[in-house]
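Coordinate inspection notes
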Amino acid sequence: MKSVTKFKLLFIIIIFAIISSSCNTDIESPLEEIQQEEKPIEEEKPLTPLNGGTLSLGAFTPTHLNPIISQEEDGYHILKLIFESLITLDDEHRPKPLLAEDWAIENNGETIIFNLRKNVTWQDGEPFIAKDVAFTLDVLKSKDVDSPYSQYVKNVKSYKILDEHKVEINLLGNQSGNLEVFIFPIIPSHRYKKPKDVMTANKWTPIGTGYYKLNKYIQGREITLELNNDYWGKLPYIENINIGLMGKKDQIVKTFETKGIDILRAMDNNWSHFTEDESLAIYPYNTQKYKFIAINHEREIFKNRNIRKAIQLSLDRQDMLEELYLSQGRIVDIPIPPHSWLYDKDISTLSYNLNDSKRLVSESGWEKLLDDDEGEGGNNKTKKEKKQDKKKNKLEFELLVKGGDQLRIQEAQMIKKSIEAIGINVNIKELSSEKINESIKKKDFDAILTGWDLSFIPDLTFAFHSEEIDEGQNFISYRNNTINKLLNEASRHKTEEEREKVYSDLQSKLSEDLPYINLYFKSSALIVNKRIKGPISPTDYNIFNNIEEWFIKYK
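Cut-offs and rules
Residues numbered from 1 in each chain as written. Predicted model: local features only at pLDDT ≥ 70, side-chain atom pairs only at ≥ 80, totals over all residues. Heavy atoms only, no water. Axes fitted to C-alpha atoms, helices over the stretch in contact; angles between N-to-C directions. Helix = DSSP H or I, 4+ residues; strand = E, 2+ residues; numbered from the N terminus. Parallel < 35°, antiparallel > 145°, perpendicular 65-115°, else oblique. Left-handed = near helix turned anticlockwise from the far one by under 90°. Contact = heavy atoms within 4.5 Å. Nonpolar A, V, L, I, M, F, W, Y, C, P; charged D, E, K, R; others polar. Phe/Tyr/Trp six-rings, centres within 6.5 Å; stacked < 30°, edge-to-face > 60°. Buried < 20%, exposed > 50% of the residue type's maximum accessible area, 1.4 Å probe, protein only. Pairing = 2+ DSSP bridges. Polar contact = N/O pair within 3.5 Å; in protein donor to acceptor, adjacent residues only side chain to side chain. Arc of directions from axis to C-beta. pLDDT = per-residue confidence, 0-100. Salt bridge = Lys/Arg side-chain N within 4 Å of Asp/Glu carboxyl O.

With that settled, the discussion passes to the packing of helix H13 (residues 481-490) against helix H14 (residues 496-513). Two elements in contact, H13 and H14, have axes whose closest approach is 9 Å; the angle formed by their N-to-C orientations is 155 degrees. Relative to H14, the element H13 is oriented roughly antiparallel. Of the two possible hands of crossing, H13 and H14 adopt the one that is left-handed. Taking contact as the criterion, the partners of Ile-483, Leu-486, Leu-487, Glu-489 and Ala-490 in H13 are, on H14, Val-502, Tyr-503, Asp-505, Leu-506, Lys-509 and Leu-510. Taken together, the residues of the contact of H13 with H14 sort by class into eight nonpolar, no polar and three charged.

See the structure below:
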């Protein structure tokens, strides 16, 4: 079974913490809790934005400025200022028009016809036409192009140009994520002779359709962008963006501290002092970073749902969030972001309950299983032999954690203490990423403290469908026919109302069965110099979301 779920960005991919070189193993370090002092409410005179001003940013030095082959997170966000996709996502991840002004879904969801905007030009003056969309698909389907977006179009069977502003795309199946996959950047066909040229040509001279265009690139030092005055939509107020290129995170932070740049994307826990700086504003946003305990369902202990639920209830996740991540996150019982339009907020989340947890362990029947005689001659075992068997099979498991990651180790220790309070022994074992990777491939593990950085394309087939066990990413060997049916149903294209209903049912069943021991989704923030005004609303999908409303000059 091939699923839309496998469509992913390398750096914002739906991915296990340490499975392979295409995996992102590091969940962001903790973010400081935002505590704003209460101040008397003062009437402020409304500001009238004026055009002009320069926004200063800092970023890691990129390897190129080609959005199709870029695999760098800083580059991803910066290139969104230059390039655009057919659709975009709002803060609830609902598809919204961008270069496609609208679309029609036909043939039971297997065909999408995109109607393109007619007033769009590339930043070199050439018109944006259907040929550009077709060429971008050619590039992503080409075996000669190494792109993190290539996975997005594996479900695209064929495509054809209906006219200069209309493209028909036919899909292998009516998958519900088929619309969301068209968030990849569109590139200009007139700049390349053939698809494989994208790997080498124009890597430092990007031409897009977005708000800003390249003004100057100084190798290893600076990128400057200027306003694209021919932009098809609402023009931003800010005219220029200067991006200082740096090699280390500390350099970016220090430059921000000395007011050399205007924005810092929270990457670790060393920014609490910024909350005391009245010249700065903090704008939190949700992320796709989901933390959980992966459990091996081939292990007898985890086959027992009472034990899984008992472990889940034993964890005071709110306390863990406060102590480890200073409350920057959301507790969940399923890997659907709580800010997503597909998340059913009416389904309650399991709360910490030590008494119920202990009761479930008692009701699990584990002690009876341990006392049962096994194999021929079991009844002839001496009391000493039975005692030794019981000790050997006592209620315990090994929790693997990435060595050297002090935050994750501290998290594991809190988990161990909580679970042992209900009579289950937890042995923490620190291993390198490579060693844990080997254990996963051999399916030789009990449990692993890990996380996903989830795709913006909604589909949990990769994680829980039984057909994904052998060759996919269902490395926990989870099997459930009811879940399989719901995943199949959820993957078929539907109206928004139908999709919400299916996802509600799926969320309810997964929350009940607990394939993972769930922890939480992490949050992040933009820290912004208050000289930058406006309704700043970053998202994990685009930290420059609504930049057209930001302004520096005003009256």
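Next up on the list: the packing of aromatic side chains. Using the criterion set out here, one finds 26 aromatic pairs in the structure. Relative to Phe-292, the ring of Tyr-290 lies with its centre 5.1 Å away and its plane at 20 degrees, an arrangement referred to as stacked. Accessibility classification places Tyr-290 together with Phe-292 in one group, the buried group. One aromatic cluster is present, built from ring pairs that chain together Tyr-290, Phe-292, Phe-445, Trp-452, Phe-462, Phe-464, Phe-475, Tyr-478, Tyr-516 and Phe-521.

What follows deals with the environment of Ile-409. As for its placement among the helices and strands, Ile-409 is situated in helix H10 (residues 406-420). When the C-alpha positions of Ile-409 and Leu-449 are compared, they lie 9.1 Å apart, and in sequence the two are 40 residues distant. If we skip the residues at most four places from it in the chain, Ile-409 touches Val-401, Lys-402, Gly-404 and Glu-430.

Next up on the list: the sheet that holds strand S8 (residues 166-171). With respect to topology, four strands assemble into an open sheet ordered S5-S6-S8-S7, the strand pairing being antiparallel. Sheet topology places strand S5 (100-106) and strand S7 (156-163) at the edges, where each strand pairs with a single neighbour. With strand direction ignored, the average angle separating the axes of adjacent strands in the sheet is 20 degrees. Pairing of strand S6 (residues 111-116) with S8, which is carried by five bridges, proceeds in the antiparallel orientation. Within S8, the residue paired with Ile-112 across the bridge is Ile-169. Here helix H2 (residues 130-141) sits on the sheet in contact with S6, S7 and S8, set at roughly 160 degrees to S7.

As a further point, take the environment of Asp-163. Checked against the element boundaries, Asp-163 lands in strand S7. Between the alpha carbons of Asp-163 and Leu-116 there is a distance of 9.9 Å; along the sequence they are 47 residues apart. Within the local environment of Asp-163, its side chain forms a polar contact with the backbone nitrogen of His-165, the two atoms lying 2.7 Å apart.

As a further point, take helix H7 (residues 354-363). For H7, the set of buried residues is Ser-357, Leu-360 and Val-361. Angularly, the buried residues of H7 cover 100 degrees about the axis, an arc narrow enough to put them on a single face. Exposed and facing more than 90 degrees away from the buried side of H7 are Asn-355 and Ser-362. On its buried side, H7 packs onto helix H5 (305-314). Looking one or two residues past H7, Gly-365 carries a phi angle of roughly 80 degrees, positive in sign.

Low pLDDT marks stretches whose predicted atomic positions should not be read closely. Summarising the model, the chain shows a mean pLDDT of 87, and 85% of its residues fall at 70 or more. Of the regions scoring below 50 in pLDDT, residues 1-42 engages in 152 contacts with residues more than four places distant in sequence or in other chains. Within the model, the stretch residues 373-378 combines pLDDT values under 50 with five contacts to residues more than four positions away or in other chains.

Another aspect to go through is the sheet that holds strand S9 (residues 212-218). Here we have four strands laid out as an open sheet, ordered S2-S11-S10-S9, and mixed in their pairing. Looking at which strands have only one partner, the edges of the open sheet turn out to be strand S2 (54-60) and S9. Going from strand to strand, the sheet's axes swing by 20 degrees on average, the running direction of each strand aside. Bridge count for S9 against strand S10 (residues 222-227) is six bridges, and the pairing is antiparallel. Each residue of the ladder has a partner; that of Ile-218, found in S10, is Glu-222. Lying on the sheet, helix H3 (residues 249-257) is in contact with S2 and strand S11 (240-246); it crosses S2 at an angle near 160 degrees.

On to unusual backbone geometry, then. Despite not being glycine, Leu-326 shows a phi value in the positive range, around 50 degrees. In the Ramachandran plot, Ser-327 falls in the positive-phi region, its phi being about 70 degrees despite a non-glycine side chain. Here Ser-327 is to be found in the loop between helix H6 (317-325) and strand S14 (329-331). On the accessibility criterion, Ser-327 (23% relative accessible area) is partly exposed.

Turning our attention to the pattern of salt bridges. With the rule as written, the count across this model stands at 23 salt bridges. Taken together, the shared-partner salt bridges connect Glu-92, Arg-94, Glu-496 and Glu-500 into one network.

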